[in-house]
Amino acid sequence: MRLPTRLAALLVIGLAACASSPEPDPRYRPAENVLEVIAVLRRHVPDDTYRFEPAQDFTGRNVYRSTLLRLESMEHIHGESLRAAQMDGVVAFAKGRALERVRAYDLAADAYLLAAESDPELAPEARQSADICLSLEAARGLAVGLDDLADQSGVPTDAESMLARYEERSRQLEDVRHATRGSHFEFVAEEEIERTDAARAEYFVAMRQILPSGDVRAAAELERLVTRHRTSKYANRHVLELAQLYEAIAVEYVDAHPPESISFDPIRFQELIDSTSRLYEVVASQDGKPERLEASRRLEAFLAFALRVDRDRFTR
Amino acid sequence: MTVSRAEAIGLALLAALLGGCQTPGGAPPDSAFHPAATYRVPPPDVADQTAVDLARAALVGNEAEAERALRRMNAIETVLDATEEKPTGMLGVSIDLRNAAFADRRSYRRATDTLLDRRDLDPVLRARLEQFQDADPLELADDRARDSLMIEIARAFNAFVEPVGKSLATSQLAPYRLGQSLARYAVHVYTREPISLQRRQALVHWKEFLKRHPDAPEATRVEPEVDTTEQRLVLAHRDRALRVAEKALDLGKTRLALVYSDRALRWVPEDRRATEVRDEAAARLIEIRDAQQRSIQAGTGDPFHGQPEAVRELAVALLLPQGDPTHAARRLREADPKGPLADESRFVDAMLLGEAGETTEMWQQLERLADSDGDASNMQRHAERLFNDPNRNTWQAFADARARNRWDRFKWVLLGPFSDGIPDRGLPGPLEWVFDAPALAEHIGGAPMRLINLPWAKALPSARVTATAARNHLARDPRGPGSDSARAWLERYEKNRGNWIGALRAVEAGPDPDISEMATLRERAAYQYLDAATREPNFALRMGMYKQVGQIYPGSAAARQAGRLARDEADEVTVQAIRLSRGFLEENEEITGPRGLGLRPELLDGNPANAELHPDGVTLVGSQIVRVSFVGPSGDEDDPPERTHEILSDEQLGRVVSLVEEVSYRNMLLDPLDEVGVDAPRDYYFERARLGLAGTTKPRSGEISQYTYQGVRERYGMVRHRESILPFDLVFHGSLSTLSLGAFPRMREPKETPDAFLYR
């Protein structure tokens, strides 16, 4: 072989070696995109969202919400291709998994039932998930939030019947939790139980000036919330709420008993100040938590309030 | 080179001719979009089926089935490769999906590391996986720990290299500079907190890792780190609290010292220094209480027993509305001019002067009383308290603040940045001075320059205190003897800082304001208000502020301008405008293509003759309407565009917004500079568009998005700034004041992460 020919052959081989891998077939792009979204979702399905904040995807959004939006986008962009590739079932199932983590249990159940219908192999798991979602939705149907109650028939002042309602909802959710132990639904149920306890505390805080010994009851309910959900991702928030209650009571106390008046009791005021500032300090000293900022600013504001009180009525 | 007149005329004519040769813009077409295209969807093949099997297995957590499906996918790719057909492109994501189905969470990380070693990975998938790996708590903790170490190394390195490099031209100063720099570094090492911010971040990440994976093999390495770092954090908290407590004690803020020394003791119980500070603060508090006790203690007997009758007479006169305290006070003084109660009568006289409007005399009398011997006088402390109360003796408070401000300005001229004293490094006093003596001498040398700049210098912080005191005095005594002086000072202060609203307020409140000056100030104040309004980002608030310009300053030029702006913006802003610029559309053909907008290709071919898309591009203006901007008849892109409006079907709009979102987020993943900004109204509109609800309700002003999607080249140009991968900057240094010239490498410290504010 002459030299130029050899050089040409070497060049061809070199170019072939340097060539990048061939472009993928675009017909598989829709399926590839769906697999990518499902992979991201699947990785976060077992996440303990009761103890830890839900993950964020690369867009910085809640990963479950983002999955849902992306799946819907894909249905818009590649609807026909996905149907043709028989991906309806897995897409519906994935939407169910995403919806249940954003508290849309009824829609999640619908998505699971659709998945069961479209894909017989997914049907057993989909039907079971749909049943759990319906149980969660049923428990959630027992409205306990102040807004929901107000929308229905006003916030009831009968504390005993409300307590029974909270207990019933907690019981139903505990049942779901026991039945789903070991699966990701356990975390979902725990989150709902925490919401029920928070709503219960919120009710007693809202009613504390109507019910007998309302302040004591409200503080006890918030303390119960703090104690029962120490491992929750919202544990700091619960402590802040308790601190805010003590702060509100301290402010109300000063309004009702001005420090210069004879009825002002420095010891009682001192107790309220100590409780409030101690709780704020607990949260304010936690590195890396957003509640830290809120707690430290609230503590500053609260100490500024305490400075209004004469020195001979309040030492610190 | 010189150009003759004839040549210049010729050149101008040529330029004009070339300008005239610009191709005129063609008329916009009836529709900018092609009718929706139809597709033939291929029937599912084995690769599609395998993808479904894999997705199904992963979703229900069947690891074995997922593994089988992945093997099938691998075989398909091998066959395609062997037959030289295009790959499916699904292998990488299939492996990731199989990995995601692993029950053990840490296994996923290890499998992802292996996956990232593949060279045929799709760049989008690679970027996503790398992002995930980087967000692992253990990875983050190690990164922060490394940052902490790098910061210390950089500081030590710079402390040595910088003085040497600065002394290249003045080498005789090198030993001095080096000594000073190393001494500074030693001080930094001595006074720094026991734990750095980055180490605190690492601690949080380590703890999170342990919480999430208590049984992971890495836990044995992490646990001792957590223990050590936590101990240092406790010491840092103790030090911080103790520092505040000590400073508070020095400043006489006893209660604060008590609170913070208690806090330090909560972090480290039985800490010796904290206990000392707490005990000292407690002892001082007891002293304060004793002093307070003197004011509230009362005897048990008759308070008038053994006192002259005039005492009782004065008490009664002060309490009863028809009493004559002037007469009673005089009688008391005459009864015993040198007696222990004489100062009571002088105090009463002062009060009566104040009630009669003789405030200047009243304060003079109280000042004399305040200066008397506190042990011999009952009323001295009351007079002192009153005289020094800035809310009552407002004139004195203003005069004191003004004097302090003058003194501060004098110090600033003389000492420059050292006018507030030397920086507190937590060292013993004389040592602090030793460190700063050379710099202080240098700054004293700059005093003449500062004196020249004085009229234009920014107001010192004490000027704000003086302004507050002036306002307080004017509010309490607007027509009093010192009011003109306070008003003149305030007016000058506000004018100097360009606060025409404040200056107008001061002038208006005067007894005899200059009408022409008021008119000028009013115009300026109105423009100041308008300027603030135009900078307000919230539309509703901005409109309210425009309205207020007209209400507060009616008839002013700024009020007319505010009216015009309000009308224009109301027309413009009440319409949504999510803009897809031409640059963005050119860079993302999927959106302009038949599956997206279906934009006619000739609109992007660069030929204005057949109509061309204007750089403004296509705008989603709400409901299902899009506004298309074309280059105008002049063919010049800089001219205002010619606009047409078209309606998209629900289905097409849903597809377009889906594509815009998918494509823009994918671009962001590949190129961090191609960031998608946060805009809740945009996302809300997109969500509704996907559901086919975009046209059902008219959005309120707060729900209107004006987001713009821009191309990367449009944003950053052809060449983008990239940060050097080397950890050094080369610094060239020259100083006229020290006559030095030098060059040296400065080691860059790692940047703080965006969440650093949660650790301060």
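Residues numbered from 1 in each chain as written. Chains lettered and ligands numbered in written order. Predicted model: local features only at pLDDT ≥ 70, side-chain atom pairs only at ≥ 80, totals over all residues.

Participant: I keep staring at the overall build of chain B and nothing clicks. Help me out?
Facilitator: Check the secondary structure of chain B and you find 31 helices and seven strands. Projected onto the principal axes, the alpha-carbon positions of chain B cover approximately 125 × 75 × 70 Å. A burial count over chain B gives 29% of its 760 residues as buried. The long-range share in chain B, meaning contacts at least 24 apart out of those at least 6 apart in sequence, stands at 58%. (Helix = DSSP H or I, 4+ residues; strand = E, 2+ residues; numbered from the N terminus. Buried ≥ 20, exposed ≤ 12 C-beta atoms within 10 Å, placed from the backbone. Contact = placed C-beta atoms within 7 Å.)

Participant: Mind showing me how you'd approach the overall build of chain A here?
Facilitator: Helix and strand content of chain A: 13 helices and zero strands. Here the C-alpha radius of gyration of chain A, 29 Å, is well above what a compact globule of 316 residues would show, namely 20 Å. With respect to the three principal axes, the spread of C-alpha positions in chain A is 115 × 55 × 30 Å. In chain A, buried positions account for 39% of the 316 residues. A sequence separation of at least 24 residues applies to 57% of the contacts in chain A between residues at least 6 apart. (Rg over C-alpha atoms; globule rule 2.2 N^0.38 Å.)

Participant: I tried to follow the interface of chain A and chain B on my own but got confused; where do I start?
Facilitator: Interface extent is often summarised as the accessible area lost during association of the parts. Each side of the interface is counted separately: chain A has 45 residues, and chain B has 53 residues. Those elements that place two or more of their residues in the side of chain A that touches chain B are helix H2 (29-44), helix H3 (63-84), helix H4 (88-101) and helix H13 (290-307) of chain A. Considering each element in turn, the side of chain A that touches chain B owes the most residues, eight residues, to H2 of chain A. Of the residues belonging to the side of chain A that touches chain B, the class tally is 19 nonpolar, nine polar and 17 charged. (Nonpolar A, V, L, I, M, F, W, Y, C, P; charged D, E, K, R; others polar.)

Participant: Honestly, the nonpolar core in this entry has me stumped. Any pointers?
Facilitator: Counting residues in each nonpolar core, the largest one holds 99 residues, and the members touching the most others are Leu35, Ile38 and Tyr112 of chain A together with Leu54, Ala55, Ala58 and Leu97 of chain B. Ranked by size, the runner-up nonpolar core spans 30 residues in total, among them Trp500, Tyr529, Leu530 and Ala559 of chain B. (Core = buried A, V, L, I, M, F, W, Y, C linked by C-beta atoms within 7 Å.)

Participant: Help me understand the packing of helix H13 (residues 309-319) of chain B against helix H14 (residues 325-335) of chain B in this model?
Facilitator: Relative placement of two packed helices is described by the angle separating their axes and the distance separating the axes. Residues and elements named next belong to chain B. Relative orientation of the contacting elements H13 and H14 amounts to 160 degrees, with a least axis distance of 8 Å. Judged on the interaxial angle alone, H14 and H13 are roughly antiparallel. Judged by the sense of rotation from one axis to the other, the crossing of H13 with H14 is left-handed. Between H13 and H14, the residues in contact are Ala310, Val311, Glu313, Leu314, Ala317 and Leu318 and Pro325, Ala328, Ala329, Arg331, Leu332 and Ala335, respectively. (Axes fitted to C-alpha atoms, helices over the stretch in contact; angles between N-to-C directions. Parallel < 35°, antiparallel > 145°, perpendicular 65-115°, else oblique. Left-handed = near helix turned anticlockwise from the far one by under 90°.)

Participant: Looking at this structure, how should I read the sheet that holds strand S4 (residues 642-647) of chain B?
Facilitator: In sheet architecture, strand pairing relies on hydrogen bonds along the backbone and comes in two forms, parallel and antiparallel. All names here are of chain B. Strand order in the open sheet formed by five strands is S4-S3-S2-S1-S5, with mixed pairing between adjacent strands. Each edge of the sheet is formed by a strand with only one pairing partner; in this case those strands are S4 and strand S5 (708-709). Strand direction decides the pairing type here: strand S1 (residues 578-580) and S5, joined by two bridges, are parallel. Across the sheet, Leu580 pairs through a bridge with Tyr709, a residue of S5. (Pairing = 2+ DSSP bridges.)

Participant: Is there a simple way to think about helix H6 (residues 123-134) of chain B in this case?
Facilitator: Along its twelve residues, H6 of chain B runs 16 Å from first to last C-alpha, staying within 8% of the 16 Å computed at 1.5 Å per residue. Looking at H6 of chain B, one finds that the buried residues are Leu125, Arg128 and Leu129 of chain B. Buried residues along H6 of chain B cover an arc of 95 degrees about the axis, so they all sit on one side. Relative to its buried face, H6 of chain B has exposed residues pointing more than 90 degrees away, namely Pro123, Gln131 and Asp134 of chain B. On its buried face, H6 of chain B is in contact with H2 of chain A together with helix H4 (91-100), helix H5 (105-116) and helix H29 (650-670) of chain B. (Expected span 1.5 Å × (residues − 1). Arc of directions from axis to C-beta.)

Participant: Quick question: what am I supposed to make of the confidence of the model for chain A here?
Facilitator: The predicted structure's coordinates, where accompanied by low pLDDT, should not be read in detail. Residues at a pLDDT of 70 or more form 91% of chain A, whose mean pLDDT is 88. When the criterion is pLDDT under 50, residues 12-18 of chain A qualifies, and its contacts beyond four places in sequence or with other chains add up to zero contacts. (pLDDT = per-residue confidence, 0-100.)

Participant: Just to check I follow, could you spell out the packing of helix H2 (residues 46-60) of chain B against helix H3 (residues 63-82) of chain B for this structure?
Facilitator: Residues and elements named next belong to chain B. Running from amino to carboxyl end, H2 crosses H3 at an angle of 155 degrees, the nearest separation of the two axes being 8 Å. Taken together, H2 and H3 sit at an angle that is classed as roughly antiparallel. Of the two possible hands of crossing, H2 and H3 adopt the one that is left-handed. Every residue of H3 that contacts H2 at Val46, Ala47, Thr50, Asp53, Leu54, Ala57 and Ala58 is listed here: Glu65, Ala66, Ala69, Leu70, Arg72, Met73 and Ile76. Classifying every residue of the contact of H2 with H3 by side-chain character gives ten nonpolar, one polar and three charged.

Participant: What should I look at first to understand the environment of Val254 of chain A in this one?
Facilitator: All names here are of chain A. With respect to the helices, strands and loops of the structure, Val254 is situated in helix H11 (residues 235-256). Taking the C-alpha atoms as reference points, Val254 and Ala306, 52 residues apart in sequence, are found 9.7 Å from one another. Those residues in contact with Val254 that lie beyond four places of it in its chain are Pro259 and Val309.

Participant: So what exactly am I meant to see when it comes to the confidence of the model for chain B here?
Facilitator: Residues and elements named next belong to chain B. Confidence in the prediction of chain B, expressed as mean pLDDT, is 85, and 91% of residues score 70 or more. Averaged pLDDT values for the elements of chain B fall to 53 in helix H1 (residues 5-20) and rise to 94 in helix H9 (residues 197-212). Counting contacts from residues 16-20, a segment whose pLDDT is below 50, to residues more than four positions away or on other chains yields zero contacts. With a pTM of 0.80, the predicted complex shows an ipTM of 0.85.

Participant: Would you take a moment to explain unusual backbone geometry for this structure?
Facilitator: Peptide bonds are, in most cases, trans, and in most cases residues other than glycine have a negative phi. Positive phi, close to 70 degrees, is recorded for Arg103 of chain A, a residue that is not glycine. Locating Arg103 of chain A in the fold gives a position in the loop between H4 and helix H5 (105-118). For Arg103 of chain A, a count of 17 C-beta atoms within 10 Å puts it in the partly exposed group. The backbone of Ala611 of chain B sits at a positive phi, close to 70 degrees, despite the residue not being glycine.

Participant: Got a minute to help me understand the environment of Ile578 of chain B in this structure?
Facilitator: All names here are of chain B. Relative to the assigned elements, Ile578 resides in strand S1. Residues Ile578 and Arg627, 49 residues apart in the sequence, show an inter-C-alpha distance of 10.0 Å. Dropping the residues within four chain positions of it, Ile578 is found in contact with Thr619, Leu620, Arg682, Tyr685, Ser705 and Tyr707.

Participant: Any chance you could explain H4 of chain B here in plain terms?
Facilitator: Each turn of an α-helix holds 3.6 residues, which means side chains three or four residues apart point in the same direction. The element H4 of chain B is largely enclosed, with a buried count of ten among its ten residues. Three or more residues of H4 of chain B are buried, namely Leu91, Gly92, Val93, Ser94, Ile95, Asp96, Leu97, Arg98, Asn99 and Ala100 of chain B. Here the buried face of H4 of chain B lies against H2 of chain A together with H2, H3, H5 and H6 of chain B.

Participant: Would you mind showing me how to read the environment of Val282 of chain A here?
Facilitator: Residues and elements named next belong to chain A. Looking at where Val282 falls in the secondary structure, it is placed in helix H12 (residues 266-284). Its 15 C-beta neighbours within 10 Å are what place Val282 among the partly exposed residues. Sequence spacing of Val282 and Ala295 is 13 residues, and the spatial spacing of their C-alpha atoms is 8.5 Å.

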